[in-house]
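Inside the fold
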Amino acid sequence: MLTAYFEANRTHEKARGILYRDFPQYFTWQSNGKFWQWRKHENRSQIGRIVSAHPAEGECYYIRVLLNHVIGATSYQHLRMVGGEL
């Protein structure tokens, strides 16, 4: 789901302004093709689920924390960039 999120940010201009945690409000996960699809209906009260991570999981947890603050990430490297520095 995360790599598909990166791909959605590359291809959909609307996706670039949405945090990963808010993504299910605007996109639906298509498990058949494993991609995010823009919601056809304007029902923004939809509740979506994003997989959580426990601090004991190490790197997975820290990536999840970064996803709460970085908008429009297109790769793992983009997540780790701060002020143009890796």
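First things first, this report covers the structure right here in the doc. Everything quoted here is computed from the prediction, not taken from an experiment.

With that out of the way, let us pick up the pairing of strand E2 (residues 35–38). Two elements, strand E1 (residues 27–30) and E2, share four bridges in a ladder whose sense is antiparallel. Within E2, the residue paired with Trp-29 across the bridge is Trp-36. Turn length for the E1-E2 hairpin, with the two strands adjacent in sequence and antiparallel, is four residues, and the turn residue Lys-34 shows positive phi of about 55°.

On to the environment of Pro-55. With respect to the secondary-structure elements, Pro-55 resides in the loop between E2 and helix H3 (59–67). Remark: the alpha-carbon pair of Pro-55 and Val-65, spanning ten residues in sequence, is separated by 9.8 Å.

This paragraph deals with H3. Those residues of H3 that sit buried are Ile-63, Arg-64 and Leu-67. Mapping the buried residues of H3 onto a view down its axis gives an arc of 100°, with all of them on the same face.

The biggest cluster of nonpolar side chains holds 17 residues, and the ones touching the most others in it are Leu-2, Tyr-5, Phe-23, Trp-36, Leu-67 and Leu-79. Sorting the residues of this core by element identifies helix H1 (2–11) and H3 as the ones contributing at least two each. For this core, the leading source of residues is H1, giving five residues.

Calculation notes
- Residues numbered from 1 in each chain as written.
- Predicted model: local features only at pLDDT ≥ 70, side-chain atom pairs only at ≥ 80, totals over all residues.
- Heavy atoms only, no water.
- Pairing = 2+ DSSP bridges.
- Helix = DSSP H or I, 4+ residues; strand = E, 2+ residues; numbered from the N terminus.
- Buried < 20%, exposed > 50% of the residue type's maximum accessible area, 1.4 Å probe, protein only.
- Arc of directions from axis to C-beta.
- Core = buried A, V, L, I, M, F, W, Y, C linked by side-chain atoms within 4.5 Å.

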